[in-house]
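Single-letter residue listing:
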Amino acid sequence: MSRVPLWLALRLPQLAEQVQSPLETQPTVWVHKHRVTHANTGARQLGVKRGQNVATATALGARQSHARDFAAEACALGQLTEHLYHCTPYIQRREHLFEPGLQLELSRCLKLFSGAENLIRTVAMRVQATGFICVYGVAHTAEAAWLLAKTSSQECTPSEVAARLVKTPHSSQAFLEQLQTVPLADIDGFPEEVAGLNKSGFFTFGDIATQVARDGISSLKKRFGATLAHYLCDLFGIDNQLHQPSLFQTAAPMFQPESHFDEQLQFDYPVTLVDQLYPAMRLLLEQLGTYLRQHQLQCHDIIWRLADIHNKSEDITVHSDRAQQGTELLYELSRIRFEHHPLGFEVDTLGLRCLRTEAFANRSQRLNFTGAVEHNPQAISITAAKLKAHLGDKAVFKVSLRDDHVPEQSVTCIPLGERACQKLAPAQQHLLRPKWLFSTPKPIQLRAQGLYWQGYLTLVNGPERIQTQWWDAPIARDYFIALRSDALRLWVYQDLHAQQWYVQGVFG
Amino acid sequence: MNKQPPPLLETVLRRQDVWRGFVPSFAAEDGVETGYPLLNAALVHSGWPPGALVEVCQDAGAASAEWQLLLPALRQARGFVVLLNPPALPFASALVQAGLDLDRVLVVQTDDKPGFLKSYVELARTSVCDVVLAWQPAQTLSYTDLRKCALAGNDHSLCVLFRPFNALRQSSPAALRLACFWRRTQLEVRIYKQKGALVKERERVLLPVAGLPAELWRPDDFAETSIQPAATAQVVSLFDKT
């Protein structure tokens, strides 16, 4: 007998309000694109409804309005998902403007939790622990469970939730019978199609089910479109395409929690010298390397946490431009970092955390048949890290092209880890350009004998006019190549607005 | 007992660092190609000496002849080219036009002499940097500082230190000391010191100027060919209401 899926939907009708800190006591609405998407209890009592204009809500008496904080809501949903991961790994997020939530597939976990009632009670307890107000629905498909959750009321205790939800036998037929009386107006995202269905005499899902049982889904598909038909197939659990659906079932989405590495070592006695930390650093980095290899991950940053016996702590971040799975480079970079960082206190505990990881990207390498020396890209990272430790992060960089006509804006300084843009526009490929550019052009004196900058200048080529940024701060310059009295060639220009001459580059 | 040849003397004579008067016959021709046949012919290694300090003196206070002199060698480099304490920002457009890979050109800015020396030693030692071009910081480098720089080089990198003209008066442990002067159509390179060869007079090599159209350079007086910009160049402003 094939397993019947069991989906549990969790709708969070007050998520927008609950992520607000502190909670609003006055009648308040949350808006998106000038429409009310959520109103707290006080505002609802005044007659404010979803979908109303902000002005209408204010006229009805809403005292405050806030923009929806979708980032905070996504973060809250993420936290809730991580809590519920202990119950089932098959969790998918349901994005919804008014009531976002989660959908959990439970049929694969029933044995572990000794039945549906225990499992649902566990889920409800975990949700209650987070403090989020939630409504639940259970069905054989995710869409049906989501719809049934909308019609349910908020229970008080996890046991009440579980008891209600398991009253229905665990079968598709039983769940479909629950949908019979659900009005079609509860469908989200198909307003025109629902209006058309109403006009055609379909008002509940029971009407739809009768039609589907009589004529199949194709009649509805022909009349109301494929999108609605697919939704109804998902809702009812109809597989309209294959004779052997069990072979081609779509796998339930599995939630992958963010994993991070966090280990620490305690010394036998507090250490005062940096050298005494190195063996412990090696050990922790070996554990990190094992963790990264086992999870097929790599990282750019690690954080060392030093703590003393009074729990005073300090974090030191080590960054690598290239993502690392091996730990040799991270060890070298850590040593460089610590060489220039004296210990502020006696260190009793050394911790290593790696919070941000990414999937390990296997880099293909060319086979070396020529025997030529191949440079190790890691070696420049070590050298650069040593230089940055002495001179600062901004002291080591590369130059890159930028698409701009103004010379000083056409070159940009980038970190070593970025790739430089080297594509010259066709029009610029044959222009005469100096190898050195002064970031700030140097003013030239206009003397009686002519232009003077550390020597008299003679213009020998030009002008090349650069005129741009008329929409902002207009720039108009005539560029020339000038020969100084000692035969040095300079790139000079006359600012046509300020009528001033400048040196901008040297042809070295 | 078999009579053995005097191996110690032969071995000593084959060493490259043994001065043999006027005979540079044991100098290995393993120099980095300069790109100029005349300059190759004037140098003991038939190119820039690998792993040794090359000192180039030029006009103080301004970037001058670096690219003209070294661009052919930079194009050959497969590793990184590092500009240490450069006098200005390298212009990316010009470097791309010259055929250099911007991903392999690094710039390191230093504020003072200790930072400069640490950085130079670090860069000269590493095997990933094929070329290190360094400009002396504001504080003059002493003989001891130069000795540190000279000893830091590895076997295959080209390390060039640019200093002002007045440094020629100072002793230096550099294996090769040059001075560069711009001429109207050429770059004059004078060799002041070269390890493995006697320099009786200041050997002069004239290198052709590359990278600019030849018609710009005429041997006659430039005053007649100089361009005079218009007194007021017309600029049309889009926001001019008149």
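Everything here concerns the structure above.
Report on the accompanying structure. Here the structure is a predicted model, which is why all the values come from computation and not from measurement.

### Some thoughts on the overall build of chain B
Here's step 1: Along the backbone of chain B there are six helices and nine strands.
Here's step 2: Within chain B, buried positions represent 50% of all 242 residues.
Here's step 3: Pairs at least 24 residues apart make up 63% of the contacts formed inside chain B by residues separated by at least 6 positions.

### With respect to the interface of chain B and chain A
Here's step 1: The interface of chain B with chain A comprises 68 residues on the first partner and 67 residues on the second.
Here's step 2: Carbon and sulfur atoms supply 67% of the area that chain B and chain A bury against each other, a total of about 5500 Å² over both sides.
Here's step 3: Linking K386(A) and E122(B) is a salt bridge whose minimum nitrogen-to-oxygen distance equals 3.6 Å.
Here's step 4: At the junction of chain B and chain A, the tally comes to 15 residue pairs in polar contact (both at pLDDT 80 or more).

### With respect to the environment of E188(B)
Residues and elements named next belong to chain B.
Here's step 1: Position of E188 relative to the elements: it lies in strand β8 (residues 186-194).
Here's step 2: The class of E188 is buried, set by a relative accessible area of 0%.
Here's step 3: In the structure, E188 is positioned 16 residues away from R204 in sequence and 6.7 Å away in space, judged by C-alpha atoms.
Here's step 4: Excluding residues within four positions of it along the chain, E188 makes contact with A179, C180, F181, R183, R204, V205 and L206.
Here's step 5: Of the polar contacts made by the side chain of E188, one reaches the side chain of R204; its length is 2.9 Å.

### Re the packing of aromatic side chains
Here's step 1: In total, this model carries 18 aromatic pairs over all chains according to the counting rule given.
Here's step 2: Taking the centre distance of 5.3 Å and the plane angle of 45° together, the rings of F190(A) and Y231(A) count as tilted. One end of the pair, F190(A), is in the loop between α8 (172-179) and α9 (191-199); the other, Y231(A), is in helix α12 (residues 226-236), and 41 residues separate them in sequence. For the residue pair F190(A) and Y231(A), the accessibility class agrees, reading buried in each case.
Here's step 3: Here the aromatic cluster, defined as three or more aromatic residues joined through ring pairs, consists of Y479(A), W491(A), Y493(A), Y502(A) and F91(B).
Here's step 4: One Lys or Arg, R447(A), reaches over the ring of Y452(A) and ends 3.6 Å from the middle of that ring.
Here's step 5: Over the aromatic face of F181(B) sits the side chain of R190(B), whose NZ or CZ is 4.2 Å from the ring centroid.

### Points about the nonpolar core
Here's step 1: V492(A), W48(B) and L69(B) are the most contacted members of the largest nonpolar core, which totals 78 residues.
Here's step 2: Broken down by element, the residue count for this core peaks at six residues, all from helix α3 (residues 66-76) of chain B.
Here's step 3: Core analysis: the next-biggest nonpolar cluster, separate from the first, contains 62 residues, L104(A), F202(A), L220(A) and F255(A) among them.

### Notes on the sheet that holds strand β5 (residues 91-94) of chain A
Residue and element names in this part refer to chain A.
Here's step 1: Pairing within the open sheet is antiparallel, and its four strands lie in the order β5-β6-β1-β7. The open sheet terminates on both sides in strands that have one partner only, identified here as β5 and β7 (135-139). The mean inter-strand angle of the sheet, taken between neighbouring strand axes irrespective of direction, is 20°.
Here's step 2: Two strands pair when backbone bridges link them, and strand β1 (residues 7-11) and β7 are joined in this way by five bridges, in the antiparallel orientation. Looking across to β7, one finds that A9 is bridged to G137.
Here's step 3: Across the sheet, helix α7 (residues 158-165) lies against β1 and β7, angled at about 25° from β7, the strand it touches most.

### A short note on helix α13 (residues 278-294) of chain A
Residues and elements named next belong to chain A.
Here's step 1: The end-to-end C-alpha separation of α13 is 24 Å, in line with the 24 Å expected for 17 residues at 1.5 Å each.
Here's step 2: Buried within α13 we find Y278, A280, M281, L284, L285, L288, G289, Y291 and L292.
Here's step 3: Buried positions along α13 lie against β8 (261-271), β9 (297-307), β10 (313-324), α14 (328-339), β11 (347-354) and β12 (357-359).
Here's step 4: One or two positions beyond α13, positive phi appears at Q296, with a value near 55°.

### What to know about the sheet that holds β8(B)
Here's step 1: A sheet is described by the order of its strands in space; here ten strands give the open sequence β14(A)-β13(A)-β4(B)-β2(B)-β5(B)-β6(B)-β1(B)-β7(B)-β8(B)-β9(B), paired in mixed fashion. Strands at the two margins of the open sheet, each flanked by one partner only, are β14 (411-414) of chain A together with β9 (203-208) of chain B. If you compare each strand with its neighbour and ignore which way they point, the axes differ by 25° on average.
Here's step 2: Where strand β1 (residues 53-58) of chain B lies against strand β7 (residues 176-182) of chain B, four bridges are found, and the strand directions are parallel. Bridged to V54(B) within β7(B) is L176(B).
Here's step 3: Contacts from α3(B) reach β1, β2 (80-84), β5 (129-135), β6 (158-164), β7, β8 and β9 of chain B, with the element oriented near 180° to β6(B).
Here's step 4: On top of the sheet, helix α5 (residues 113-125) of chain B reaches β1, β2, β4 (105-108), β5 and β6 of chain B; it is set at about 160° to β5(B), its chief contact.

Criteria and cut-off values
Residues numbered from 1 in each chain as written. Chains lettered and ligands numbered in written order. Predicted model: local features only at pLDDT ≥ 70, side-chain atom pairs only at ≥ 80, totals over all residues. Heavy atoms only, no water. Helix = DSSP H or I, 4+ residues; strand = E, 2+ residues; numbered from the N terminus. Buried < 20%, exposed > 50% of the residue type's maximum accessible area, 1.4 Å probe, protein only. Contact = heavy atoms within 4.5 Å. Buried area = accessible area lost by both parts, 1.4 Å probe. Salt bridge = Lys/Arg side-chain N within 4 Å of Asp/Glu carboxyl O. Polar contact = N/O pair within 3.5 Å; in protein donor to acceptor, adjacent residues only side chain to side chain. Phe/Tyr/Trp six-rings, centres within 6.5 Å; stacked < 30°, edge-to-face > 60°. Lys NZ or Arg CZ within 6 Å of the ring centre and 35° of its normal. Core = buried A, V, L, I, M, F, W, Y, C linked by side-chain atoms within 4.5 Å. Pairing = 2+ DSSP bridges. Axes fitted to C-alpha atoms, helices over the stretch in contact; angles between N-to-C directions. Expected span 1.5 Å × (residues − 1).

Interpretation in functional terms is not warranted from these geometric data alone.
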